[in-house]
Amino acid sequence: MNPIVSIRALTKTYASGLQALKPISLDIHRGEIFAMLGPNGAGKTTLIGIICGLVRASGGTVQVDGFDTIKDYRKTRSLIGLVPQELHTDTFEKVISTLRFSRGLFGLAPNDAHLDAVLKELSLFDKRNEQIKTLSGGMKRRVLIAKALSHEPRILFLDEPTAGVDVELRHDMWAMVRRLRDAGMTIFLTTHYIQEAEEMADRIGIMNKGELIMVEDKAVLMQKLGKKQVTLELAQSLSTIPASLDDLKLELSGGGHAVTYRYEAQSANGIAYLLRRFDEAGIAFTDLHTEQTSLEEIFVNLVRANP
Ligand SMILES: Nc1ncnc2c1ncn2[C@@H]1O[C@H](COP(=O)(O)OP(=O)(O)OP(=O)(O)O)[C@@H](O)[C@H]1O
Ligand SMILES: [Mg+2]
C-alpha cells in the first residue's frame, strides 16, 4: 500500500538563517501510530507545519495520499487533522458549535451524526452544549482533537498531545489515541516523553537539530539497540572473579555476593550461556534477575552521539 504521507528531501531554513530541517525523507504508513521524539528545537513542529501547509518549505516535496501539499493544498489539508502544540481554548463557544464551524471551514456538508460519533469516541458527548471555556484542561484537549476530526481526515497530527498534563490524563489520552488508531486513523505525534513513544508507537523517529537521525519499528529499535543485564546472587561470596570467567567482564557487587553480566539483547551469549559458564566454573547461585535498557537510555545515547 502506498504511504499516507511521503516526505522527500525536505528542508527548511528560516529567514533568520537558522536551518531548522536538514534534508528529511520519511514515509508515514497507513494506520500506524508514528511517534517523533526529539529535544526542544529539534524541528518537530516545523516538520508538522510544512506537512500541514502552515510553513513553507525551502526545498523538497511532501505528498499526502498521493497529492502534493503545495499544488493540491486544499485537498491535502482536508485529509489532515491537526492539534497544534499551542492551544487556544478560552472561547465562550459551545463544543458542538466549534465542531460544526470547523467542519464548515473545509467546505463539507453539515453532518451531526459524524460529529456526535466523534464526541462519543472522545467521551465528550454529554459536554456537547457546554461552553469550551468552562471545561477542564483535559476536556479542552479532547475538544481540540474532536475539532481536528470534524472534517473526517485520514491522518491526525498531535503536536505534543500530553505536554504538561498529569499522569492520569496522559493515560487517558493514550487510550484515546489507540482507539482512534483501531478505528482506522493514522496518527503522527511528537513528544518529549520517551515513555509515551514506548507505550504507544508502532514506529519511532528521532530528530535532533533538524536531522532525522533514526526511524525504526519500535520492537526492532528496542532489540537492536537494547542491552540487557543479569545479576546473579551467589550462594557463597567471591573475593575475585575466577580467571576462567575473565572474558565475560563480570562485575562483582554486594560485598562479593552478587555478579552482574551485560550482553546485547540480540546476542547468542545470553543468560543460558552465562549459566552454562557458571556451571562449568562450579559457582552456585541462589537467585537471578534481569534488566533491559529502556528507550530512554537509547534515546539519550543517540542524541549524545549526534551533537
Ligand atoms: N518562525 C520561526 N522563525 C525562526 N526560527 C524558528 C521559527 N520557528 C521555529 N524556529 C526555530 O527552528 C528550530 C526548530 O523549531 P521547532 O519548533 O520546529 O522545534 P520542536 O522540535 O518542535 O521543538 P519543541 O520540542 O520545543 O516544540 C528552533 O531552533 C526554533 O527556534
Ligand atoms: Mg514543537
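Residues numbered from 1 in each chain as written. Chains lettered and ligands numbered in written order. Predicted model: local features only at pLDDT ≥ 70, side-chain atom pairs only at ≥ 80, totals over all residues. Heavy atoms only, no water.

**Description of the environment of Pro-161**
Alright, step 1. Tracing the sequence through the fold places Pro-161 in the loop between strand E7 (155-159) and helix H6 (167-182).
Alright, step 2. By relative accessible area, Pro-161 is classed as buried at 9%.
Alright, step 3. Through-space distance from the C-alpha of Pro-161 to that of Ala-183 is 19 Å; in sequence the pair is 22 residues apart.
Alright, step 4. Sequence-distant contacts of Pro-161, that is, excluding residues within four places in its chain, are made with Arg-141, Met-173, Leu-189, Thr-190 and Glu-196. (Helix = DSSP H or I, 4+ residues; strand = E, 2+ residues; numbered from the N terminus. Buried < 20%, exposed > 50% of the residue type's maximum accessible area, 1.4 Å probe, protein only. Contact = heavy atoms within 4.5 Å.)

**Concerning the sheet that holds strand E3 (residues 33-37)**
Strand-to-strand pairing in sheets goes through backbone hydrogen bonds, with the strands running parallel or antiparallel.
Alright, step 1. Strand order in the open sheet made by the six strands is E6-E7-E8-E3-E9-E10, with mixed pairing throughout. Edge positions in the sheet fall to strand E6 (80-83) and strand E10 (211-217), since each of these pairs with one other strand and no more. With direction set aside, neighbouring strand axes in the sheet form an average angle of 15°.
Alright, step 2. Bridge count for E3 against strand E8 (residues 186-191) is five bridges, and the pairing is parallel. Paired with Ala-35 across the bridge in E8 is Leu-189.
Alright, step 3. Helix-sheet contacts for helix H5 (residues 137-149) involve E6 and E7, and the interaxial angle to E6 is about 160°.
Alright, step 4. Each of E3, E7 and E8 touches H6; the most contacted strand, E8, lies at about 155° to it. (Pairing = 2+ DSSP bridges. Axes fitted to C-alpha atoms, helices over the stretch in contact; angles between N-to-C directions.)

**Describing the pairing of strand E9 (residues 203-208)**
Alright, step 1. Extensive coverage of E9 is indicated by the burial of six of its six residues.
Alright, step 2. The alternating pattern of E9 places Arg-203, Gly-205 and Met-207 on one face and Ile-204, Ile-206 and Asn-208 on the opposite face, and all of these are buried.
Alright, step 3. Across four bridges, the pairing between E3 and E9 is parallel. The residue of E9 that forms the bridge with Ala-35 is Ile-204.
Alright, step 4. Here E9 pairs with E10 via six bridges, running antiparallel. Its bridge partner being in E10, Met-207 is matched across the sheet by Leu-212.
Alright, step 5. What sits between the antiparallel neighbours E9 and E10 is a turn of two residues, in which Lys-209 has the positive phi angle 50°.

**Some remarks on the domain arrangement of the protein chain**
Alright, step 1. Looking at the protein chain, the domain boundaries give domain 1 (5-223) and domain 2 (227-305).
Alright, step 2. Computed over C-alpha atoms, the centres of domain 1 and domain 2 are 42 Å apart.
Alright, step 3. Taken residue by residue, the interface counts 14 residues in domain 1 and eleven residues in domain 2.
Alright, step 4. Regarding the contact of domain 1 and domain 2, the summed buried area is about 1100 Å², with carbon and sulfur atoms giving 77% of it.
Alright, step 5. The largest share of the area that domain 1 buries against domain 2 comes from Ile-194, Met-222 and Gln-223, three residues that together contribute 48% of it.
Alright, step 6. On inspection of domain 1 and its partner domain 2, the count reaches zero salt bridges.
Alright, step 7. The set of elements that each furnish at least two residues to the side of domain 1 that touches domain 2 consists of helix H7 (194-200), E9, E10 and helix H8 (218-225).
Alright, step 8. Grouping the amino acids of the side of domain 1 that touches domain 2 by side-chain chemistry returns ten nonpolar, three polar and one charged. (Domains from an automatic or database assignment. Buried area = accessible area lost by both parts, 1.4 Å probe. Salt bridge = Lys/Arg side-chain N within 4 Å of Asp/Glu carboxyl O. Nonpolar A, V, L, I, M, F, W, Y, C, P; charged D, E, K, R; others polar.)

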